[in-house]
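Overview (structure and organization)
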Amino acid sequence: MVYLEELNKYPIVHGISTRRTKIDDFLKEIGVADLPLAKLEQVHKGKVVKVTSKTDLSSKIAGCDGAITNTKGIALMVLTADCLPIFLYDPERDAIGIAHAGWRGTLEGITKNVVGAMKAEFKSDPAKILVGFGPAIRQCCYEVSREFLVRLH
């Protein structure tokens, strides 16, 4: 479990495991097992949803790779293998965001979209949003297609 030093007083945790772990055991280990959990469908797109106490969290939230909330007691979750998990926190508005950033979602602006949603919904100042990155695949271990390279230019 990793806590960002500046955020110790806030209930934000980021856990990384290098072994296969059941999600329920992992959530218990990092202290969020009892919280409602917003799981994203993760379709490699740029869509962001706002999660509130009225959001149906009984299954994955369809069609999105990003989420934001300022509702206390809701945990946002992404699962990754080679894609990049991005964690966003606005200490002034006490709002959080999360993004699942694969190359397709990155091309669709998933991180920009999460920041934009936080700005629109919570009046967050993008310059004051704290951002953290989880582990992701490295350049040495991944080849991109011609389609990807063409889209970059």
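Provided above is the structure to which this section pertains.
The following paragraphs examine the structure supplied in this document. The shown structure was predicted, so the numbers you read here are calculated from the model rather than taken from an experiment. (Residues numbered from 1 in each chain as written. Predicted model: local features only at pLDDT ≥ 70, side-chain atom pairs only at ≥ 80, totals over all residues. Heavy atoms only, no water.)

What to know about the overall build of the protein chain
Summing up its helical and strand segments, the protein chain has four helices and seven strands in all. Along the protein chain, helices (α) and strands (β) appear in the sequence α-β-β-β-β-β-β-α-α-β-α when read from the amino end. Within the protein chain, buried positions represent 34% of all 153 residues. (Helix = DSSP H or I, 4+ residues; strand = E, 2+ residues; numbered from the N terminus. Buried < 20%, exposed > 50% of the residue type's maximum accessible area, 1.4 Å probe, protein only.)

Quick look at the sheet that holds strand β6 (residues 95-101)
Strand pairing within a sheet occurs via backbone hydrogen bonds; the two strands may be parallel or antiparallel. Pairing within the open sheet is mixed, and its five strands lie in the order β2-β3-β6-β5-β7. Edge positions in the open sheet fall to β2 (48-50) and β7 (130-133), since each of these has one partner strand only. Strand-to-strand, the axes of this sheet are offset by a mean angle of 15°, without reference to chain direction. Here β2 runs beside strand β3 (residues 66-69); their pairing, made up of three bridges, is parallel. Considered in β3, the bridge of Val 49 is made with Ala 67. (Pairing = 2+ DSSP bridges. Axes fitted to C-alpha atoms, helices over the stretch in contact; angles between N-to-C directions.)

Comments concerning a nonpolar patch on the surface
Taken together, the side chains of Ile 137, Tyr 142, Val 144 and Leu 149 present a nonpolar region at the surface, about 300 Å² in accessible area. Mapped onto the fold, Leu 149 is located in helix α4 (residues 146-152). (Patch = residues over 30% accessible without salt bridge, like charges linked within 9 Å, V, L, I, M, F, W, Y side chains within 5 Å. Areas by Shrake-Rupley, 256 points an atom, 1.4 Å probe, with all protein chains shown as cover. Salt bridge = Lys/Arg side-chain N within 4 Å of Asp/Glu carboxyl O.)

Brief notes about the pairing of strand β5 (residues 84-90)
Counting buried residues along β5, five of its seven residues qualify, which places the element largely inside the surrounding structure. Note: β5 against β6, seven bridges, orientation antiparallel. Pairing of Pro 85 across the sheet is with His 100, part of β6.

Concerning the pattern of salt bridges
All chains considered together, the criterion is met by three salt bridges. Between Glu 121 and Lys 50 there is a salt bridge; the shortest N-O distance is 3.1 Å. Residue Glu 121 is located in helix α3 (residues 110-122), and its partner Lys 50 is located in strand β2; the two are separated by 71 residues in the primary sequence. Looking at Glu 121, the relative accessible area reads 42%, which means it is partly exposed. Taking relative accessible area as the criterion, Lys 50 reaches 37% and is therefore assigned partly exposed. The shortest N-O distance in the salt bridge between Lys 72 and Asp 94 comes to 1.8 Å. You can see Lys 72 sitting in the loop between β3 and β4 (75-77) and its partner Asp 94 sitting in the loop between β5 and β6, a full 22 residues away along the chain. Residue class for Asp 94 comes out partly exposed when judged on its relative accessible area of 27%.

Some points on the nonpolar core
Grouped together as the largest cluster of nonpolar side chains are 13 residues, with contacts concentrated most on Ile 68, Leu 88, Val 114 and Met 118. Those elements that provide at least two residues to this core are β5, β6 and α3. Per-element tally for this core: the top contributor is α3, with six residues. Setting aside anything within four residues of it in sequence, one finds Val 114 in contact with Val 48, Gly 66, Ala 67, Ile 68, Leu 88, Gly 97, Ile 98 and Ala 99. (Core = buried A, V, L, I, M, F, W, Y, C linked by side-chain atoms within 4.5 Å. Contact = heavy atoms within 4.5 Å.)

So, α3
For α3, which comprises 13 residues, the first-to-last C-alpha distance of 18 Å matches the rise-based estimate of 18 Å (1.5 Å per residue) to within 8%. Considering only its buried residues, α3 is in contact with β2, β3, β5, β6 and α2 (103-107). (Expected span 1.5 Å × (residues − 1).)

Some thoughts on the side chain of Asp 90
By the element assignment, Asp 90 lies in strand β5. Buried charge Asp 90 goes without a salt bridge, the closest partner of opposite sign being Arg 93 at 4.8 Å. At a separation of 3.1 Å, a polar atom in the side chain of Asp 90 contacts the main-chain amide nitrogen of Arg 93. When near neighbours in sequence (up to four residues on either side) are disregarded, Asp 90 contacts Ala 95, Met 118, Ser 124, Asp 125 and Ile 129. (Lys, Arg positive; Asp, Glu negative; His and termini not counted. Polar contact = N/O pair within 3.5 Å; in protein donor to acceptor, adjacent residues only side chain to side chain.)

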